[in-house]
Every structure is written in structure tokens, then in C-alpha cells.
Amino acid sequence: MEHRLSGAGEGGFVVELDGFSGPLELLLDLARAQKVDLAAISILALADQYLAYLRRARRMQLRLAAEYLVIAAWLLYLKSQLLLPPEERDEPDADEMARDLAERLRLLDAVRRGAAWLAGRPRLGSARFPRGMPEDLPRRREGGAAATLAELLRACARLGARRGGEVVRMPRPRLMTVEAALERLSRLLVGREWRELSAFLPPDYMELLPRRSALAASFVASLELARRGEIELHQTRPFAPLMIRRR
Amino acid sequence: MTAPDPLSIVEALLFAAAEPLSEGAVQEVLGQRGEAGPLLRELQRQYAGRGVRLECGGGRWAFRTAPELAPFLQRPDRRPRRLSAAALETLAVIAYRQPVTRGEIEAVRGVAVSRGTLDLLVETGLVAPRGRKEVPGRPVMWVTTPHFLDHFGLSSLDDLPRLEELEGASLFKPAADG
Amino acid sequence: MTAPDPLSIVEALLFAAAEPLSEGAVQEVLGQRGEAGPLLRELQRQYAGRGVRLECGGGRWAFRTAPELAPFLQRPDRRPRRLSAAALETLAVIAYRQPVTRGEIEAVRGVAVSRGTLDLLVETGLVAPRGRKEVPGRPVMWVTTPHFLDHFGLSSLDDLPRLEELEGASLFKPAADG
């Protein structure tokens with residue numbers, strides 16, 4: 001089955017494959033060429049068909065949309081896995097991946113048939129017509145508005161587009177910075193006796209989040225002071241209180 | 001397919017027509033399938049006494065609801081009012097930010113909200129006042145009504161796409177006319 | 001003035017309306033004069049086989065011209081907006097998998113839902129947002145509307161052929177079972 005390749009895509013050079021809106025659709029069309037039930041298609045044959053198709057497209061010096069190449073790479077990998085005996089595969093679920101792909105193709109196929117079925121229905125306005133001169137009688141309560149959901153959503157979208165100029169103010173969280181902790185520790189730590197690091201946390205940082213931030217900042221500050229050789233750190237076991245003293 | 005009944009063709013034609021049709025116009029559609037004159041009169045006879053009549057005025061034919069039924073059909077006293085772009089936008093702000101004061105609506109839209117706009121939205125039953133904001137001046141806050149959901153066929157306010165979705169996902173991205 | 005026939009009231013009401021009416025709306029107009037349900041079904045019976053039919057889609061009733069008369073009623077100025085193949089396919093995914101997120105539609109079709117496709121479907125009143133999926137990002141889910149049924153002449157979503165039926169069709173018949 002031969003397909004024409006034509007039509008310039010929006011990007012100018014990237015060419016969409018004629019009639020296919022994506023790789024999955026191309027795969028479906030190729031699968032149909034196998035003329036078997038979709039449940040029984042050979043994924044190996046399909047991978048070969050797909051790759052051959054893309055090679056032809058490239059010979060015609062068409063640049064393919066990236067998504068086609070991604071699927072090509074994936075199919076190539078899947079093919080390599082399917083060809084190996086199961087015990088030598090990197091991908092233990094290669095058969096399952098192949099089944100998934102067949103399943104997706106079947107679903108897409110069914111949905112496309114559903115779309116064709118809908119298109120063939122006697123549609124309102126082309127095969128069935130409403131009253132040409134409605135008399136606007138009913139609905140007593142409808143002294144109301146005439147606006148559609150689409151109109152409302154369009155108004156919403158206009159708001160969204162304008163939102164750029166809006167200023168959002170958030171309360172500044174009271175968190176301790178490492179700089180502040182460094183300054184505080186250097187100032188408060190005097191004498192050479194061991195003291196608990198937590199004893200140096202500011203007393204007004206009692207809520208959970210500020211307290212954690214103060215502890216974390218003080219810990220980092222203590223590491224920095226130790227690195228500078230100004231203090232010593234000591235901990236007897238994991239999670240035990242961290243003791244510090246000036247050198 | 002069996003050939004359609006010419007009377008059915010005339011009936012459907014008149015039903016769907018956007019204006020009263022002359023006998024000649026009906027004949028043109030019928031072609032060789034029948035004679036417009038007798039068919040129109042037969043149709044008129046069939047509809048006599050029903051809720052709908054086939055009327056002929058100035059040589060043109062049209063279906064009309066029976067005039068004596070008018071009192072029972074509850075004609076609305078007002079035609080539904082079209083909402084202006086400004087009104088729709090105000091409605092959108094209320095829908096997303098409710099409860100919201102008029103000042104807050106103006107801050108979002110960047111323009112003053114005229115009294116008439118809010119009045120119209122209240123009259124059409126789409127929004128209603130709900131309490132006051134505890135700030136200086138105690139301005140009224142506005143919310144959407146259950147009728148709002150009903151009118152737009154939404155099951156809850158949650159059905160409205162978020163502004164980011166409208167923006168990012170291209171849904172109703174305002175075109176250049178925005 | 002003699003009391004009007006309730007069947008005539010229902011007939012006139014539906015004839016006058018542009019949009020389909022629910023049984024409840026008809027009952028509201030009827031008041032104590034009759035029971036909407038049986039009257040609607042009687043009217044539908046009377047119009048069966050005529051040029052105009054009383055159709056019921058999603059529980060809402062409307063007169064529509066008989067589909068087989070379409071060739072006589074085509075008017076170039078009244079064609080509905082064309083739906084592209086992509087739009088129809090998107091619509092089919094929504095119809096079959098509703099409620100469904102944009103991401104799920106894309107997964108089925110294997111391509112991004114292009115800008116404007118969902119807009120068009122909302123614009124034509126065929127789909128609407130309904131609720132959100134409880135996954136990260138809480139994306140909006142999409143469903144078909146009552147107008148979707150009216151537009152395609154369906155009485156309910158059950159009228160859609162089942163996907164499994166569609167799957168087997170024509171092209172994929174296993175070649176004479178080996």
C-alpha cells in the first residue's frame with residue numbers, strides 16, 4: 001500500500017504525512033494492510049512496515065515530525081526485544097508492550113469508525129431541520145439572559161489573558177535564614193563547655209514550621225562554623241542531641 | 001428507497017422554511033412529483049382544528065400555532081437579553097472569585113463596572129448579593145445563583161475550566177480580536 | 001371560550017419552540033390540563049410517517065423534518081458548521097469514553113488535541129465540561145451535551161453502536177477464517 005507524502009506543515013519544512021494526523025494513525029493504516037484481525041496483527045511486521053515507510057519518506061528528503069521518529073525508535077527497540085528469546089531480553093514485558101500497542105490500535109480503529117458512523121448520521125441542519133420560523137413562545141421563566149456556555153468561556157479566556165497585570169501578595173513566611181543563624185550562633189556561643197544546639201534557637205520561633213527552619217538554619221550554620229575551625233560538634237549516636245562548643 | 005410522499009415533502013418544506021413560501025416556490029421543489037396547489041390545500045385541511053394551522057396570506061403559505069392557544073402557551077413578557085462582553089466578563093469574574101465585591105471585580109477587569117451591568121446580571125437571575133465584606137464601607141459581595149449553573153448546563157462551579165487551563169491549553173484562547 | 005384540547009397545546013408548544021423541550025417543561029405549561037408523557041407519545045405516534053417527526057433525544061422533545069426528505073430541503077445557506085475529521089474523532093472519543101480529560105483523548109488518538117478543536121465542539125454546543133478528574137492537576141473532564149443527541153438524531157447515548165461492534169467491522173474481517 002503506497003501513500004503519498006505531501007502538504008507542508010505549519011513549521012514550513014516539517015512535513016505531515018498525508019492524511020495521517022499522527023504516528024498512531026499511520027500505524028493503524030499499515031496494520032490494516034496486513035488484512036488480518038487487529039488482534040492478530042504481527043507487531044514485528046508492523047515495525048518493519050513503519051520503518052520502511054519512514055525510510056521512503058526520508059529518501060524523498062522530507063523532514064518528519066519528531067513524534068514519528070520517537071515511535072520509530074520505540075518500535076525498533078520493541079522489535080529487538082521481541083526477536084530475542086525471553087530469557088535474554090532487557091525488557092521482560094516486550095510481549096505485553098506489543099499487546100498494548102495492538103490494543104491501542106484497536107481502540108483507535110473503533111473510535112474512528114464511531115466518528116465515521118456519527119458523520120453518516122442525519123445531522124440537524126443538513127439532513128433534519130428544525131422549525132424555520134420558531135415563534136419564541138415557551139419558557140415563561142426565561143425573561144433571563146441569552147448567553148451560551150461558549151460565550152461565557154470566551155469571556156473567561158479574555159480574563160485569563162489579562163491576568164498578567166495582576167499583583168498577587170503573599171504573606172512573608174517567618175523563616176530563619178542561614179545568614180541569620182550564623183550571626184546568631186557566633187554571637188551567643190561563648191565559653192568552652194558543651195551545649196545543645198537546640199538551646200540556641202530563638203524563643204519566639206515556637207510554631208512548627210519556623211522552628212524547623214530555625215533548627216535547619218542553625219545546623220547548617222554550625223557546620224559552617226566548624227569548617228572555619230571556630231567550633232566543635234559532637235553527637236553520641238544518630239538522632240542524639242547535637243552538642244557544640246567553641247574551640 | 002421508496003419515493004417520498006409529495007405531501008410529506010410539502011409539509012417538511014413549509015416547516016423548515018425561514019419565511020412563508022409561495023405556491024410557485026413549493027412547486028419548484030416538488031418538480032414532477034405532484035401539484036403544489038391541491039397538496040397545500042389538502043395539508044391545510046389536515047391541520048385544521050389542530051394546535052398548528054397552515055395559513056395562507058398574500059399568496060404565501062406558512063405554519064402558525066393556532067391563535068386561540070396563545071393564552072395557554074405563556075408567552076414571555078420579555079425577550080431574553082443578550083449579555084454584552086462586559087457583562088459576560090463581570091459574570092466570569094464573579095463565577096471564579098465569588099464571593100466578590102464590585103471593587104474586586106473592577107480590580108480584576110481593570111475597568112469600572114457600571115451599575116447597569118450588575119443590575120442586568122441580577123435581573124436575569126444569574127448572580128445575587130450575598131452578605132457584606134468586613135472592610136471599611138462594608139461593600140456587598142456577589143455570588144452566582146443556582147440558576148447560573150442551570151443556564152449554562154453546568155453541574156457545579158467546579159466544571160468551569162480554571163483560568164490557567166483556558167490560557168495554557170488553548171481553550172478559547174482569545175484571538176487577535178480579544 | 002371552550003377549553004382547548006391538551007394535545008393541541010402540546011403540539012403548538014413544540015411547534016413554536018426552536019429548542020427541544022423536556023417533559024417537565026411541557027408539563028409546566030400544561031398545568032392541570034393533562035399529562036405530558038402520554039400526550040407526547042400520542043403526538044409522536046400521530047406524526048410518525050409524516051414529513052415532520054416528533055423526536056425525543058435525551059428526554060427532550062422537538063419536531064424535526066424527516067431525514068429521508070433531506071434531498072428536498074437542502075439549502076446552501078443553512079449548512080451546519082463542518083466538523084473536520086479531527087473534530088469528529090475527538091467528538092467520538094468524548095462520546096464513547098465520557099467523562100474524559102483532554103489527556104485521555106490525546107492518548108486514544110495518539111496526537112495532541114489541536115488548538116481550537118475543543119473550542120469548536122463547545123462553540124457548536126456538542127460538548128461541555130463536567131467535573132474534574134481527581135488526579136494531579138485536576139483536569140476538566142468533557143462530556144457530550146443534550147444538543148449532541150439532537151444534532152445527530154439520537155434518542156440516547158445507548159443508540160451509539162458499541163465499540164466492540166465497530167471493531168469487528170468490514171476491513172478487519174479475518175480473511176475467511178484462514
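Each value, and the rule that gives it
Residues numbered from 1 in each chain as written. Chains lettered and ligands numbered in written order. Predicted model: local features only at pLDDT ≥ 70, side-chain atom pairs only at ≥ 80, totals over all residues. Heavy atoms only, no water. Helix = DSSP H or I, 4+ residues; strand = E, 2+ residues; numbered from the N terminus. Buried < 20%, exposed > 50% of the residue type's maximum accessible area, 1.4 Å probe, protein only. Contact = heavy atoms within 4.5 Å. Areas by Shrake-Rupley, 256 points an atom, 1.4 Å probe, with all protein chains shown as cover. Buried area = accessible area lost by both parts, 1.4 Å probe. Salt bridge = Lys/Arg side-chain N within 4 Å of Asp/Glu carboxyl O. Polar contact = N/O pair within 3.5 Å; in protein donor to acceptor, adjacent residues only side chain to side chain. Patch = residues over 30% accessible without salt bridge, like charges linked within 9 Å, V, L, I, M, F, W, Y side chains within 5 Å. Pairing = 2+ DSSP bridges. Axes fitted to C-alpha atoms, helices over the stretch in contact; angles between N-to-C directions. Parallel < 35°, antiparallel > 145°, perpendicular 65-115°, else oblique. Nonpolar A, V, L, I, M, F, W, Y, C, P; charged D, E, K, R; others polar. Phe/Tyr/Trp six-rings, centres within 6.5 Å; stacked < 30°, edge-to-face > 60°.

Colleague: Please clarify how the overall build of chain A should be interpreted in this entry.
Modeller: Summing up its helical and strand segments, chain A has seven helices and six strands in all. Taken from N to C terminus, the helices and strands of chain A fall in the order β-α-α-β-α-α-β-α-α-β-α-β-β. Each of the 247 residues in chain A was classed as buried or not, and the buried ones make up 42%. Sequence separation of at least 24 residues holds for 56% of the intrachain contacts in chain A that already meet a minimum separation of 6. Carbon and sulfur atoms make up 54% of the accessible area of chain A, which totals about 14,100 Å².

Colleague: Even after reading the chapter, I still don't get the interface of chain A and chain C, so can you show me in this structure?
Modeller: One frequently used descriptor of interface size is the decrease in accessible area upon assembly of the parts. Contact residues are listed per partner, giving 49 residues for chain A and 57 residues for chain C. Summed over both sides, the interface between chain A and chain C buries roughly 4,500 Å², with carbon and sulfur atoms accounting for 62% of that surface. A per-residue breakdown of the area chain A buries against chain C is headed by Arg 123, Arg 128 and Phe 129 of chain A, which together make up 16% of the total. For the interface between chain A and chain C, the tally reads four salt bridges. Note that Glu 55 of chain C and Arg 128 of chain A form a salt bridge whose closest N and O atoms lie 2.6 Å from each other. Seen at the junction of chain A and chain C, the total is 12 residue pairs in polar contact (both at pLDDT 80 or more). Among the secondary structure elements, those contributing two or more residues to the side of chain A that touches chain C are helix H1 (23-33), helix H4 (94-119) and helix H5 (149-162) of chain A.

Colleague: Even after reading the chapter, I still don't get a nonpolar patch on the surface, so can you show me in this structure?
Modeller: Residues and elements named next belong to chain A. The grouping of Val 178, Phe 219, Val 220, Leu 223 and Leu 233 at the surface amounts to a nonpolar patch, some 360 Å² of accessible area in total. The topology assignment puts Val 178 in helix H6 (residues 178-188). Residue Val 178 is classed as partly exposed on the basis of its relative accessible area of 33%.

Colleague: What is the right way to read the pairing of strand E5 (residues 127-132) of chain C from this model?
Modeller: Within a regular beta strand, the side chains point alternately toward one face of the sheet and then the other, so they alternate between its two faces. All names here are of chain C. Within E5, five of the six residues are buried, which leaves it mostly tucked inside the rest of the structure. Pairing of E5 with strand E6 (residues 140-144) involves four bridges; the strand directions are antiparallel. In the strand pairing of E6, Val 127 is matched with Thr 144.

Colleague: I keep staring at the sheet that holds strand E5 (residues 231-234) of chain A and nothing clicks. Help me out?
Modeller: Residues and elements named next belong to chain A. With antiparallel pairing, three strands are arranged side by side in an open sheet as E4-E6-E5. Looking along the sheet, the strands with just one partner apiece sit at the ends: strand E4 (195-196) and E5. Note: E5 against strand E6 (residues 243-246), four bridges, orientation antiparallel. Among the inter-strand pairings, Leu 233 is bridged to a residue of E6, identified as Ile 244.

Colleague: I would appreciate a short explanation of the packing of H1 of chain A against helix H3 (residues 66-83) of chain A in the present structure.
Modeller: The geometry of a pair of packed helices is captured by two quantities: the angle between their axes and the separation between those axes. Residue and element names in this part refer to chain A. With their axes 9 Å apart at the nearest point, H1 and H3 run at an angle of 55° to one another. Judged on the interaxial angle alone, H3 and H1 are oblique. Residue-level inspection shows Pro 23, Leu 26 and Leu 27 of H1 in contact with H3, the latter providing Glu 67, Tyr 68, Ile 71 and Leu 75. Within the contact of H1 with H3, the residues separate by chemical class into six nonpolar, no polar and one charged.

Colleague: When you look at the environment of Gly 31 of chain B in this model, what are you seeing that I'm missing?
Modeller: Relative to the elements of secondary structure, Gly 31 of chain B occurs in the loop between helix H2 (23-30) and helix H3 (36-47). A residue is classified by how much of its surface remains accessible, and Gly 31 of chain B, at 30% relative accessible area, is partly exposed.

Colleague: What should I look at first to understand the pattern of salt bridges in this one?
Modeller: Oppositely charged side chains can form a pair if their charged atoms are brought close together. Scanning the entire structure with this criterion turns up 38 salt bridges over all chains. With its nearest N and O atoms 3.2 Å apart, the salt bridge here joins Arg 138 of chain B to Glu 134 of chain B. The exposure class of Arg 138 of chain B is partly exposed, given its relative accessible area of 41%. Judged by its relative accessible area of 63%, Glu 134 of chain B falls in the exposed class. For the salt bridge of Glu 68 of chain C with Arg 53 of chain C, the shortest nitrogen-to-oxygen distance reads 2.6 Å. Within this pair, whereas Glu 68 of chain C is found in the loop between strand E3 (60-65) and helix H4 (70-73), its partner Arg 53 of chain C is found in strand E2 (residues 52-57), the two being separated by 15 residues in sequence. The exposure class of Glu 68 of chain C is partly exposed, given its relative accessible area of 34%. Taken together, the salt bridges that share partners define one network made up of Glu 224, Arg 227, Arg 228, Glu 230 and Arg 246 of chain A.

Colleague: Before we go on, may I ask you to explain the packing of aromatic side chains in this structure?
Modeller: For any pair of aromatic rings, the description rests on two quantities: the centre-to-centre distance and the angle between the ring planes. Inspection of every chain in the model, using the stated rule, returns nine aromatic pairs over all chains. Centre to centre, the rings of Phe 15 of chain B and Phe 63 of chain C are 6.5 Å apart; their planes meet at 70°, and the pair counts as edge-to-face. Highlighted residues: Phe 15 of chain B in helix H1 (residues 6-16) and Phe 63 of chain C in strand E3, drawn from two different chains. An aromatic cluster of at least three residues, connected via ring pairs, comprises Phe 15, Tyr 47 and Phe 63 of chain B together with Phe 15, Tyr 47 and Phe 63 of chain C.

Colleague: What am I meant to see in the environment of Leu 44 of chain A here?
Modeller: Residue and element names in this part refer to chain A. Considering the arrangement of structural elements, one finds Leu 44 in helix H2 (residues 43-59). Leu 44 gets classed as partly exposed once you look at its relative accessible area, which sits at 29%. Considering only alpha carbons, one finds Leu 44 and Lys 79, 35 residues apart in sequence, at a separation of 5.9 Å. Filtering out sequence-adjacent residues up to four positions away, Leu 44 remains in contact with Lys 79, Leu 82 and Leu 83.

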